[in-house]
Structures are given as structure tokens and as C-alpha cells.
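Breakdown of the fold
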Amino acid sequence: NAGVTQTPKFRILKIGQSMTLQCTQDMNHNYMYWYRQDPGMGLKLIYYSVGAGITDKGEVPNGYNVSRSTTEDFPLRLELAAPSQTSVYFCASRTGASGMLGRYEQYFGPGTRLTVT
Amino acid sequence: QKEVEQDPGPLSVPEGAIVSLNCTYSNSAFQYFMWYRQYSRKGPELLMYTYSSGNKEDGRFTAQVDKSSKYISLFIRDSQPSDSATYLCASMDSNYQLIWGAGTKLIIKP
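Residues numbered from 1 in each chain as written. Chains lettered and ligands numbered in written order. Predicted model: local features only at pLDDT ≥ 70, side-chain atom pairs only at ≥ 80, totals over all residues. Heavy atoms only, no water.

In this section: the overall build of chain B. When helices and strands are counted, chain B shows 0 helices and 11 strands. For 110 residues, the compact-globule estimate of 2.2 N^0.38 gives 13 Å, and the C-alpha radius of gyration of chain B, at 13 Å, lies within 12% of that figure. Every one of the 110 residues in chain B was classed for burial, and the buried ones make up 44%. For chain B, the computed accessible surface area is about 5,300 Å², with 48% contributed by carbon and sulfur atoms. The positive charge centre, built from 11 side chains, and the negative charge centre, built from 11, are 4 Å apart in chain B. (Helix = DSSP H or I, 4+ residues; strand = E, 2+ residues; numbered from the N terminus. Rg over C-alpha atoms; globule rule 2.2 N^0.38 Å. Buried < 20%, exposed > 50% of the residue type's maximum accessible area, 1.4 Å probe, protein only. Areas by Shrake-Rupley, 256 points an atom, 1.4 Å probe, with all protein chains shown as cover. Lys, Arg positive; Asp, Glu negative; His and termini not counted. Charge placed at Lys NZ, Arg CZ, Asp CG, Glu CD.)

Residues and elements named next belong to chain A. Across the sheet, 4 strands lie side by side as 1-3-8-7; this open sheet has antiparallel pairing. Bordering the open sheet on either side are strand 1 (4–7) and strand 7 (64–66), each of which pairs with just one other strand. Adjacent strand axes in the sheet meet at a mean angle of 20° when their direction is disregarded. For strand 1 and strand 3 (residues 19–25), the ladder comprises 4 bridges, and the chain directions are antiparallel. Residue pairing for strand 3: T7 is matched across the bridge by Q22. (Pairing = 2+ DSSP bridges. Axes fitted to C-alpha atoms, helices over the stretch in contact; angles between N-to-C directions.)

Let us now look at the pattern of salt bridges. Counted under the stated rule, the structure contains 6 salt bridges over all chains. Residue A:D38 pairs with A:R36 through a salt bridge whose shortest N-O separation is 3.1 Å. The partner of B:R37 in a salt bridge is B:E45, and the shortest N-O contact between them spans 3.5 Å. According to the relative accessible area criterion, B:E45 is partly exposed, its value standing at 36%. (Salt bridge = Lys/Arg side-chain N within 4 Å of Asp/Glu carboxyl O.)

Take the interface of chain A and chain B next. Taken together, the contacts link 21 residues of chain A with 18 residues of chain B. Of the roughly 1,600 Å² buried between chain A and chain B, counting both surfaces, carbon and sulfur atoms make up 55%. Of all residues in chain A, A:L43, A:Y104 and A:F108 give up the largest surface area on contact with chain B, accounting jointly for 31% of the area buried on that side. Remark: the boundary between chain A and chain B carries 2 residue pairs in polar contact (both at pLDDT 80 or more). Looking at the side of chain A that touches chain B, the elements with two or more residues in it are strand 4 (31–37), strand 5 (43–51) and strand 9 (87–94) of chain A. Within the side of chain A that touches chain B, the residues separate by chemical class into 12 nonpolar, 6 polar and 3 charged. (Contact = heavy atoms within 4.5 Å. Buried area = accessible area lost by both parts, 1.4 Å probe. Polar contact = N/O pair within 3.5 Å; in protein donor to acceptor, adjacent residues only side chain to side chain. Nonpolar A, V, L, I, M, F, W, Y, C, P; charged D, E, K, R; others polar.)

Take the nonpolar core next. All names here are of chain B. Residues W35, L74 and Y87 are the most contacted members of the largest nonpolar core, which totals 23 residues. Counting only elements with at least two residues in this core, the list comes to strand 3 (19–25), strand 4 (32–38), strand 5 (45–51), strand 7 (61–66), strand 8 (71–76), strand 9 (85–92) and strand 11 (104–109). With 4 residues, strand 3 is the largest single contributor of residues to this core. (Core = buried A, V, L, I, M, F, W, Y, C linked by side-chain atoms within 4.5 Å.)

Residues and elements named next belong to chain B. Tracing the chain through its elements places T62 in strand 7. Overall, T62 belongs to the buried group, its relative accessible area being 9%. Here the side chain of T62 touches R77 through a polar contact of 2.9 Å, side chain to side chain.

Structure below.
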């Protein structure tokens, strides 16, 4: 299993540009998450999904959009990039299957480092 | 007040020392607590989790939760340079979302 994969690893955007961060998991997990991590600030939840076709906002959703058309993929869309969106973005997934030990454990991808200038 | 507070450090200790990493949380309803380890330029990975109060041991690592004082601790015995990383604590809220501390950067000096 590759686990959670994210592309691209790095990206520099100009203010006002748009882009999509890709996330794919091959563990058949129902739950998927997008976080951003800023220095000294921990992880902030942007959006999450409990299954294909279902998404919901997290703590910091403004400026972002998501979709979940398949179990495997959970892309994050940035529209009209702003310098405040400069951050490291992590995608994560977990099973959520009842009765399973560790069903709350989130598995993380390697991250995408985004700079908006 | 943040729901989960954690000193970002850095914390620098000599190899072989016992390390104590700590978090406090404000919501008494939190029941599930996790410690993640994050190496530089990598994603976090689960180190340990505990449910409610008490201790849990796994090799050189011990996680401790004191619900009366809302205090979460991670102890590392016989620390190694390979333990150098950022350690993130997290608590699960009633919606099964993780609320994260800021992370403590740990440096083990050979």
C-alpha cells in the first residue's frame, strides 16, 4: 500500500492564481481530511469528508473548496490565492470502521509546501 | 484560550536523558488523546493513543493522562538522536475531530 499520496510536493503561486492539491489514499478509508500547518500553530482543519459525496467545513475553510467523488480521492481547490494561504498542506485519512482498534488513527500524506507571492 | 495548549520549544536534551513532553486541554469532555511524531518535512505519524485517564507504555514511550488536571504527558526514556522530531498532542472532540496542540520541537544531542 502506498498509503496517502499528495501532489505536488512544492508549488509557488502568484496572488490571484488558482490550483488544485491532489490527495489519494489506497486504504479504502471512509474519512478524509485536509489540514494546513503554519509554524508554531499546529494543524488546522480546512475541510473533511466522511465518505464519497459528503464533505463539510472545518475550522478554516475560507478560500478553499473540496470535492469527494470517489472513496480514494479528495482534492483541495484554492481559488484566488492569497499570501495568507502560504502554508504546508496535509491530507489525512482514517477508517472509522466500528469495532476496529485504532479506528480514530489518522494517516497523513507527506504534505504540499505552498508559497503565494 | 486554545483548547489544547502545548509549548512549541525547542526542547534540547542530551542523549540518554528522560524527556517529558506536556500538553494541557480545556474541554473536560475530551476522552481520547493522541501523540503524533513529525520528522522534518514529513507528515505526522501516530505514536501512541490513550483513552480516558491513566498510563500507557510502549517500549521507551509512556503516555499519561490526568483528567483531574486536564494534563497530557509523553515520557521518552533513554532518548536517542533519532527521537529528534516535533511531537504533537491531540484530543478528540465530541464530533470525532482532532484538536491539535502547536507541537513541541525536541532535539536530542549526541
